[in-house]
Amino acid sequence: MAISDVTNPCEAALNAWLQEAYAKAFGGEAALRALPAKDAAFGDFQCNDAMSLAKALKCNPRQAAEALLKALPLPPMVRKAEIAGPGFINITLSPEWLAEQCAAFGAGSDYGIPSPGKGKTVVIDYSSPNVAKPMHIGHIRSTVIGNAIDRLLRALGYTVIADNHLGDWGTQFGILIMGYRHFLTDADRAALTVEMLEKVYVKSYNRTQEDETWLQACRDELVKLQQGDAANREVWETFIAISREEFDKIYRRLDVSFDLYRGESHYQPILEETVQALIDRGIATPSEGAWIADMKDEGLQVAIVRKSDGGFNYTATDIATVRSRVREFDPARIIYVTDERQQLHFKQFFAICQKLGCTAHAALEHVWFGLMRLPEATFSTRQGNVIKLEALLNEAEARALAIVEEAHPDWPDADRRTLAAQIGIGAVKYADLSHDPQGMIVFTWEKALALEGNSGPYLQYAHARIRSLLDKYRAQFPEAPDPLAAPILITDPLERQLALTMLQFPGAVARAGEQCRPNVLADYLYSLCQHYSRFYQALPVLKAADAVRASRAHLCAVVAGILRRGLGLLGIAAPDRI
RNA sequence: GCGCCUGUAGCUCAGUCGGAUAGAGCAUCGGAUUUCUAAUCCGGCGGUCGCAGGUUCGAGCCCUGCCAGGCGCGCCA
């Protein structure tokens, strides 16, 4: 049974009732389940199980449904239960009971988010940019999706270790060191930037293609670095420091933080013994001068674990990383968030880890996402159509700022900039998080920076409107109790829909986290806002009669709380004023 | 050639375990503000769920084949 079943108090109660009815009517147990009604016209919840049940019981589906309903008297929480169509059971709740559930929900802890991860550690490996290269639009998905999963799993009770597995080791550093030494002035080196490093790398790389001596010199510098040559080591550390500074600027703007920044270099000391372990177990065998793992039995192609020149590749590094993480953290799960192109690699090295038995009880999971592309082409350095991440964020903030300045000419500039950043970044993140990760994203500025419709700012706006409304409520009715303490009255269908939607929050969080699909939560929050906006448009709060006013303020307060919490789980700010 | 993924409205996308009349946003057309923030709300238009079979009481969802596109397939990560 899925977690979402037990997170919605209404569903939990209805399931229990249906299952008791089943036991009474037919004996034994069955996993009967009430689901939110597909159409409000049917009621609040529906149960579709009579149809499949009928087959096992060898009877007519409608009769099965009738037998279920007749087995027990209608519980007080249910106002109406009727059979429709081939055997759907449509359930309408008693408004009083629903109101009680909502009141308890708002007053309860953390909006009912369950803790399936309690006592479990999960290592999540995301973002992982390469040193000496600026982050570009291709990095946004791993960073934003990975961070949302990070936040979701923490909310679900996991002890999360977010590790940024930087690309800080490999053949490119020989090329880079040569470029750094020969193409930069002292002044350049004093004011070094990642952008300069990238240019120097390209220049040096191009020269390796036509100059054999240069190529050999690059190799020599790499060997020296790997052997711990002090001078090269120092330069390499400079590259990392400069890069980290650049990355951290972006991460600050994105409100992303990591527990660890262990690059590939961190695992260098244990590569030798890792590959030796593979050889000792007979998992790795020599072939054409290299060491390979043959995985025909797993239906996979061979993977190289040590190159014929003696060097180690990323398969070896990744295996060593798993061993290291298992020893140090003993995680229940290790999650990698990377693009789809690496699926084969992960299958291979997961299989090797299994064979090696180095995973202990850790489940290795590859959460892959589709590449981002332009409507007319894929992004590629060669075509020169790559958008730098910094430029994207700047553009997002600039567009938001234009609107904020127009809306609030009287605000201090600093406040407007802060708000514009929250909105612009929120728009960019939401554009990504509202899609199923496992699909390609077609990038358009229009979509990424959308401020209307199904967008981050739509959610932020709904939240800000509620906060403003609640402030007015407190100002106008200073003697009124805390909105969360007021009894809820559910009379209008819009209130009912809103209440029913609120209760689905913990299920959405659980499903989004456990399935590593933040879009499940994004979709939920959007739907909640749609229901709220309809409610807000049609039903007055401040001008309603006392009891109704207090009740509606209560609903507003819970929605605002859910929005703030939900947006927080996606890493999106929830400003109080827009 | 083999493997993974994708194909749903003009465009971008949702679609819990297989359930009732397939939903949003954008675009477009038309409405709503003496009333709590119009970054909002309501309505119209718009569909052979790539194609063809199959399983099922019931298929966008499961199975088979085909078509189209993306990505990957031994020393880059």
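Higher on the page you've got the structure.
Remember, predicted model here, so these are calculated numbers, not experimental data.

Definitions and limits used
- Residues numbered from 1 in each chain as written.
- Chains lettered and ligands numbered in written order.
- Predicted model: local features only at pLDDT ≥ 70, side-chain atom pairs only at ≥ 80, totals over all residues.
- Heavy atoms only, no water.
- Buried < 20%, exposed > 50% of the residue type's maximum accessible area, 1.4 Å probe, protein only.
- Helix = DSSP H or I, 4+ residues; strand = E, 2+ residues; numbered from the N terminus.
- Pairing = 2+ DSSP bridges.
- Contact = heavy atoms within 4.5 Å.
- Disulfide = S-S within 2.5 Å.
- Axes fitted to C-alpha atoms, helices over the stretch in contact; angles between N-to-C directions.
- Core = buried A, V, L, I, M, F, W, Y, C linked by side-chain atoms within 4.5 Å.
- Salt bridge = Lys/Arg side-chain N within 4 Å of Asp/Glu carboxyl O.
- Phe/Tyr/Trp six-rings, centres within 6.5 Å; stacked < 30°, edge-to-face > 60°.
- Lys NZ or Arg CZ within 6 Å of the ring centre and 35° of its normal.
- Near = heavy atom within 4 Å.
- Polar contact = N/O pair within 3.5 Å; in protein donor to acceptor, adjacent residues only side chain to side chain.
- Expected span 1.5 Å × (residues − 1).

## Focus on the pairing of strand β4 (residues 88–93)
Stage number 1. Among the 6 residues in β4, 5 count as buried, and that is most of the element.
Stage number 2. Where strand β2 (residues 45–47) lies against β4, 3 bridges are found, and the strand directions are antiparallel. Bridge assignment links Gln46 to a residue of β4, and that residue is Asn90.
Stage number 3. The pairing of strand β3 (residues 78–84) with β4 spans 6 bridges and is classified as antiparallel. The residue bridging Ile83 from the neighbouring strand is Ile89, located in β4.
Stage number 4. Taken together, β3 and the strand that follows it, β4, pair antiparallel across an intervening segment of 3 residues, in which Gly85 is found at a positive phi of about 55 degrees.

## Comments concerning the side chain of Thr315
Stage number 1. Mapped onto the elements, Thr315 comes out in helix α13 (residues 314–329).
Stage number 2. For Thr315, the residues in contact, after removing those within four places along its chain, are Ile304, Val305, His345, Phe349 and Ile352.

## Observations concerning the state of the cysteines
Stage number 1. Per the counting criterion, the structure on display carries 0 disulfides.
Stage number 2. We note that Cys47 lacks a disulfide partner, and the nearest cysteine sulfur, in Cys59, lies 14 Å from it.
Stage number 3. Residue Cys47 is classed as buried on the basis of its relative accessible area, which comes to 0%.
Stage number 4. With no disulfide of its own, Cys556 lies closest to Cys529 among cysteine sulfurs, the gap being 12 Å.
Stage number 5. For Cys556, a relative accessible area of 0% gives the class buried.

## Overview of the sheet that holds strand β7 (residues 284–287)
Stage number 1. Read across the open sheet, the 3 strands follow the order β7-β8-β9; overall the sheet is antiparallel. Strands at the two margins of the open sheet, each flanked by one partner only, are β7 and β9 (303–306). Geometrically, the sheet is characterised by an average inter-axis angle of 45 degrees between neighbouring strands, direction not taken into account.

## Focus on the nonpolar core
Stage number 1. Of all hydrophobic cores here, the largest spans 125 residues; its most connected members are Trp17, Phe505, Leu521 and Ile562.
Stage number 2. When residues of this core are assigned to their parent elements, the largest contribution, 13 residues, is made by helix α22 (residues 546–570).
Stage number 3. Excluding residues within four positions of it along the chain, Leu521 makes contact with Leu152, Phe505, Ala508, Val509, Ala512, Gly566, Leu569 and Leu570.
Stage number 4. Core analysis: the second largest hydrophobic core is formed by 34 residues, Val305, Phe349, Leu356 and Ala362 among them.

## Describing the pattern of salt bridges
Stage number 1. Tallied over the entire structure, the rule returns 34 salt bridges.
Stage number 2. Notably, a salt bridge pairs Glu246 with Lys249, separated by 3.3 Å at the nearest N-O pair. In this pair, Glu246 and Lys249 both sit in helix α11 (residues 230–254), 3 residues apart, roughly one turn of the helix.
Stage number 3. Since its relative accessible area comes to 44%, Lys249 is described here as partly exposed.
Stage number 4. For Glu514, the salt bridge is made with Arg333, and the minimal N-O distance between the two is 3.4 Å. Of this pair, Glu514 sits in helix α20 (residues 505–514) while Arg333 sits in strand β10 (residues 333–339), placing them 181 residues apart in sequence.
Stage number 5. Note on Glu514: relative accessible area 24%, which makes it partly exposed.

## Quick word on the packing of aromatic side chains
Stage number 1. The final tally for this structure, using the stated rule, is 24 aromatic pairs.
Stage number 2. On the numbers, 5.1 Å between centres and 65 degrees between planes, the contact of Phe349 with Phe350 is edge-to-face.
Stage number 3. Residue class for Phe350 comes out buried when judged on its relative accessible area of 14%.
Stage number 4. Summarising the aromatic geometry, the rings of Tyr532 and Phe535 are spaced 5.7 Å apart at their centres and angled 40 degrees between planes, so their arrangement reads as tilted. Highlighted residues: Tyr532 and Phe535, both in helix α21 (residues 518–538), separated by 3 residues, approximately one helical turn.
Stage number 5. Ring-pair connections join several aromatic residues into one group, and the members of that group are Phe105, Tyr111, Phe505 and Tyr524.
Stage number 6. Above the ring of Phe183, the side-chain terminus of Lys203 is found at 4.5 Å from the ring centroid.

## Here we look at the protein's contact with RNA strand B
Stage number 1. Residues in contact with RNA strand B amount to 63 residues; listed here are only the nearest, Arg33, Phe88, Glu264, Gln301 and Lys307.
Stage number 2. Of everything in RNA strand B that lies within 4 Å of the protein, sugar and phosphate atoms constitute 59%.
Stage number 3. One of the side-chain N or O atoms of Ser287 is found 2.7 Å from a base nitrogen in RNA strand B.
Stage number 4. Tyr314 has a polar side-chain atom sitting 2.6 Å from a base nitrogen of RNA strand B.
Stage number 5. When residues of the surface near RNA strand B are assigned to their parent elements, the largest contribution, 8 residues, is made by α21.

## Comments concerning helix α2 (residues 9–26)
Because an α-helix packs 3.6 residues into every turn, residues spaced three or four apart end up facing the same way.
Stage number 1. The end-to-end C-alpha distance of α2 is 26 Å, a good match for the 26 Å that 18 residues give at a rise of 1.5 Å each.
Stage number 2. The N-cap of α2, judged by a side-chain oxygen 2.9 Å from the amide nitrogen of Cys10 a few residues on, is Asn8.
Stage number 3. Where α2 ends, the next residue or the one after it, Gly27, has phi of about 80 degrees, a positive value.

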